[in-house]
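Geometric and topological summary
So the chains spell out like this:
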Amino acid sequence: MTDRREFRDLASPEEAHEVIGNLDISPGTETVALEAARGRVLADRIDATLDVPGFDRASMDGYAVRARDTFGADEADPAVLDVVGSVHAGAEPDVAVEPGTAAEISTGAVMPSGADAVVMVERTTERDEEVAIRTSVAPGDSVMLAGDDIAAGARALGPGTRVTPREIGLLSALGVEEVPVRERPRVGIISTGDELVRPGEDLNSAAGQIYDVNSYTLLSSIEEAGGAATLYPHVGDDYEEMERQLKQAATECDLVLSSGSTSASAVDVIYRVIEEQGHLHLHGVSVKPGKPMLVGDLDDAAYVGLPGYPVSALTIFRTFVAPAIRDAAGYEVPRTETVQGRMAVRERYEEGRRRLMPAGLVADADGEMLVYPVDKGSGATTSLVEADGIVEVPAGTNYLDEGETVSVQLFSPTVRPPTVLGVGEDDPLLSRLLDRLDRPRYLPFGTAEGLRRLDEGVPDFAVAAGPVDDVSAPTLGGWEREWGLVVPEAETDVDSLADLVDGDYRFVNRKRSSGLRRSLDDALDALAAERDTTRQALAERVDGYSLTTGAHESPARKVAAGTADAGLGLATTAAALGLGFVPLGTQPVRVLANPDRVQKDGVAQVETVLEDVASIAAQLPGISERTF
């Protein structure tokens, strides 16, 4: 009589999860071509290495002008300018806009030299070789500046990001050809049992043969979970052949799965192979269906033996094994394609057309989903990765009210809301902190906008740089950074803010929502007080003061490209780009928590990583730890 292996001391489901979760099936990293990156998970952060767009471009059809030439123009008293030519999309401008002139321009065309705004064609009247401008415009109106979509040096995508067609679009816009990704866990599949026949082969039902269902079901399930499956030849209930196949799979894979030969049947021998050639951690789990399950190690691979019945095998795989593969691959738990949530803010819409509103999701303190609009314009590829899905707004809807329940159609079933949402100032140290968080989302809208949204209660935290007035939100931590003027590496006559005001230099500023801009304006106020004048009067003497950029590295990039003599920036950025730097002061950077979400896991994780600010700051010139 043959010995039978009985199931004793069945493991609890919790124990089985723990044992399988402790198996080492994590692969390394690899670089793949962009076209092969869909579905993979980023291994490293990807920063933008160029501005998108790479040039200042018109955002509508009209006339490229010098904004100052339109000041005071209206319907009754239009400004009349000479038309010096036209600029079309995809063509290099062959005209320049001088004082008193304009150039006809198409949407997407490069802004000609001298022009700093576009007047939409509907507000103009062309006659002979002149155009009447019936409205005034400000510098930057109807112009998408280089880097307005995403700027060189900005954090484009973080490690752990699942690459979908949305990310492919952003990476394409950045010119990325190869992508660093996690390797897929290599999973070998061995189906056992003398009764099994592979599909396509002849089946002898009279002899009790059945088609091998598990091999192909597991193969597709492994791929769905993020693994790379290898199907090995069918193995009968023969000890030596089973040993050979298992050892081969163990040398080629991170995890070996078998189905069948795990029960107490006298002919089931696979548990003996594992016990004699490796190590058996678990034999049997207290669940139905799926009690027969083996967990162990064989050579350098992990091993899990699944039951033979297809329903049991798939149930055990989905419940216990798939989470481990997903974790190793960086995949998240799949869920439905539609999510219900409450509007975090009131969103007005009065255009009378059906709207497909890009929307982001964030969990509130109770775990309920809040929905907030994400809309940087149809030309901004970053809207694709900052949104989780679409809210369809019917025609005739004037607004979506705060607290109103809406349905978000996710971009794909794999889309997951961020574990933590931040808004505010962009900063090189912050980018490194975000890398240490689990699936964060950060919207670099500037200090002022970050504080406004924090006051509305949308984000989990905000980052504020420079002087901050009347903020009662709790401070999680922060640092200090040196700011000033980034100048060319070669000798420059700009040694102070006064030199910039008094000299003839081309300057690149930051947007008003930036904390850097606030500090610069304060410094200019101080200089104006010394000279008994106003900040506005001094600002008007600086060429480019009112034409601003959105990201902290953008002004420095323009200096490096030779299109500006000085730019507002950080000492860290100047050092990274090999440029000169004129220090004007230091400013604190605070990470402020949403008072209602201090206990949220994602916020707690932010507070934890902030404890390591000193070690990160040590790698960045001009940035130091600061306590608040």
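The helix and strand inventory of the chain stands at 16 helices and 36 strands. The principal-axis extents of the C-alpha atoms in the chain amount to approximately 105 × 55 × 50 Å. The 628 residues of the chain split such that 50% are buried. Contacts in the chain between residues at least 24 apart in sequence constitute 73% of all its contacts with a sequence separation of at least 6. A total of about 28,300 Å² of accessible surface is found on the chain, and carbon and sulfur atoms cover 45% of it.

This part takes up the packing of helix α1 (residues 13-21) against helix α6 (residues 310-329). One way to put it is that α1 packs onto α6 with a least axis distance of 9 Å and a crossing angle of 25°. Taken together, the axis directions place α1 and α6 in an arrangement best described as roughly parallel. For the pair α1 and α6, the sense of crossing is right-handed. Residues P13, A16, H17 and I20 of α1 form the contact with α6, whose participating residues are T319, F320, V321 and A324. Counted by class, the contact of α1 with α6 contains six nonpolar, two polar and no charged residues.

Moving on, we get to the nonpolar core. It is characteristic of soluble globular proteins that their nonpolar side chains tend to be buried jointly. If you look at the biggest cluster of nonpolar residues, it comprises 30 residues, and the most contacted ones within it are L255, L257, M293, L306, F317, V321 and I325. Contributions of two or more residues to this core are made by α1, β13 (186-191), α3 (214-225), β17 (255-259), β20 (301-306) and α6. Of all the elements, α6 adds the most residues to this core, at nine residues. Residues V420, L434, F461 and A465 belong to the second largest nonpolar core, which totals 24 residues.

The next thing to look at is the environment of V487. Mapped onto the fold, V487 is located in strand β31 (residues 475-487). Considering only alpha carbons, one finds V487 and L568, 81 residues apart in sequence, at a separation of 9.1 Å. Sequence-distant contacts of V487, that is, excluding residues within four places in its chain, are made with T492, V494, V559, D565, A566, L579, G580, F581 and V582.

Residues V52 and P53 are joined by a peptide bond in cis, for which omega reads -5°. In this structure, P53 sits in the loop between β2 (46-47) and β3 (57-58). Unusually for a residue other than glycine, D299 sits at a positive phi of about 55°. Looking at where D299 falls in the secondary structure, it is placed in the loop between β19 (294-298) and β20. Accessibility expressed as a relative area gives 46% for D299, which makes it partly exposed.

A few words on the layout of surface pockets. As a volume, the second largest pocket reaches approximately 1,400 Å³. Lining the second largest pocket are 47 residues, and of these D116, R506, D543, G544 and L547 lie nearest its centre. Looking at the lining of the second largest pocket, the elements that each hand over two or more residues are β32 (507-510), α11 (515-530), α12 (535-539), β33 (548-549) and α13 (554-561). Each residue belonging to the lining of the second largest pocket can be placed in one class, and the counts come to 21 nonpolar, nine polar and 17 charged.

Structurally, the position occupied by D435 is in the loop between α8 (428-434) and β29 (440-443). D435 sits 188 residues away from K247 along the chain, and the two C-alpha atoms are 38 Å apart. Ignoring any residue separated from it by four or fewer positions in sequence, one finds D435 in contact with R45, R155 and P159. Within polar-contact distance, the side chain of D435 engages the side chain of R155 at 3.0 Å.

A few words now on empty space enclosed by the protein. Counting across every chain of the model gives two cavities of 30 Å³ or more. The volume enclosed by the largest cavity comes to roughly 60 Å³. Only α8 and α15 (601-609) provide two or more residues apiece to the lining of the largest cavity. Sorting elements by how many residues they give to the lining of the largest cavity places α8 first, with three residues. Partitioning the lining of the largest cavity into residue classes produces nine nonpolar, no polar and no charged. Considered as a void within the structure, the second largest cavity measures approximately 40 Å³ in volume. As for the second largest cavity, its lining consists of G39, R40, V41, R182, E183, R184, G226, A329 and Y331. Split into classes, the residues belonging to the lining of the second largest cavity amount to three nonpolar, two polar and four charged.

For the rest of this paragraph, the subject is the sheet that holds strand β25 (residues 389-393). The five strands are arranged β21-β24-β23-β25-β27 in a closed barrel whose pairing can be described as mixed. Pairs of neighbouring strands in the sheet enclose a mean axial angle of 50°, with direction left out of account. Pairing of strand β23 (residues 355-363) with β25 involves five bridges; the strand directions are antiparallel. Looking across to β25, one finds that A359 is bridged to G389.

The full count for this structure, using the stated rule, is 33 salt bridges. Note that R186 is salt-bridged to D254, the shortest N-O span being 3.0 Å. Residue R186 is located in strand β13, and its partner D254 is located in the loop between α4 (239-252) and β17; the two are separated by 68 residues in the primary sequence. By relative accessible area, R186 is classed as partly exposed at 40%.

What follows deals with the sheet that holds β19. Whether parallel or antiparallel, the strands of a sheet pair through hydrogen bonds between backbone atoms. With respect to topology, six strands assemble into an open sheet ordered β16-β13-β17-β20-β19-β18, the strand pairing being mixed. The strands lining the two open edges of the sheet, one partner per strand, are β16 (228-231) and β18 (279-283). When strand polarity is set aside, the average angle formed by the axes of neighbouring strands in this sheet is 20°. One ladder, built from five bridges, connects β13 with β17; its direction is parallel. Bridge pairing links I190 to S258 in β17.

Moving on: the side chain of D460. With respect to the helices, strands and loops of the structure, D460 is situated in the loop between α9 (447-456) and β30 (461-465). Assessed through its relative accessible area of 0%, D460 is described here as buried. Reaching out from D460, the side chain makes a polar contact with the side chain of K600 at a distance of 3.0 Å. The contacts of D460, once residues within four sequence positions are left out, are V362, A363, T419, V420, L421, L592, A593, N594, R597, K600 and V603.

Parameters at a glance
- Residues numbered from 1 in each chain as written.
- Predicted model: local features only at pLDDT ≥ 70, side-chain atom pairs only at ≥ 80, totals over all residues.
- Heavy atoms only, no water.
- Helix = DSSP H or I, 4+ residues; strand = E, 2+ residues; numbered from the N terminus.
- Buried < 20%, exposed > 50% of the residue type's maximum accessible area, 1.4 Å probe, protein only.
- Contact = heavy atoms within 4.5 Å.
- Areas by Shrake-Rupley, 256 points an atom, 1.4 Å probe, with all protein chains shown as cover.
- Axes fitted to C-alpha atoms, helices over the stretch in contact; angles between N-to-C directions.
- Parallel < 35°, antiparallel > 145°, perpendicular 65-115°, else oblique.
- Left-handed = near helix turned anticlockwise from the far one by under 90°.
- Nonpolar A, V, L, I, M, F, W, Y, C, P; charged D, E, K, R; others polar.
- Core = buried A, V, L, I, M, F, W, Y, C linked by side-chain atoms within 4.5 Å.
- 1 Å grid on protein atoms, 1.4 Å probe; cavity = no way out; pocket = protein on both sides within 12 Å on 5 of 7 lines; lining within 4 Å.
- Points joined across faces, edges and corners; volume = space filled by probe spheres on them.
- Polar contact = N/O pair within 3.5 Å; in protein donor to acceptor, adjacent residues only side chain to side chain.
- Pairing = 2+ DSSP bridges.
- Salt bridge = Lys/Arg side-chain N within 4 Å of Asp/Glu carboxyl O.

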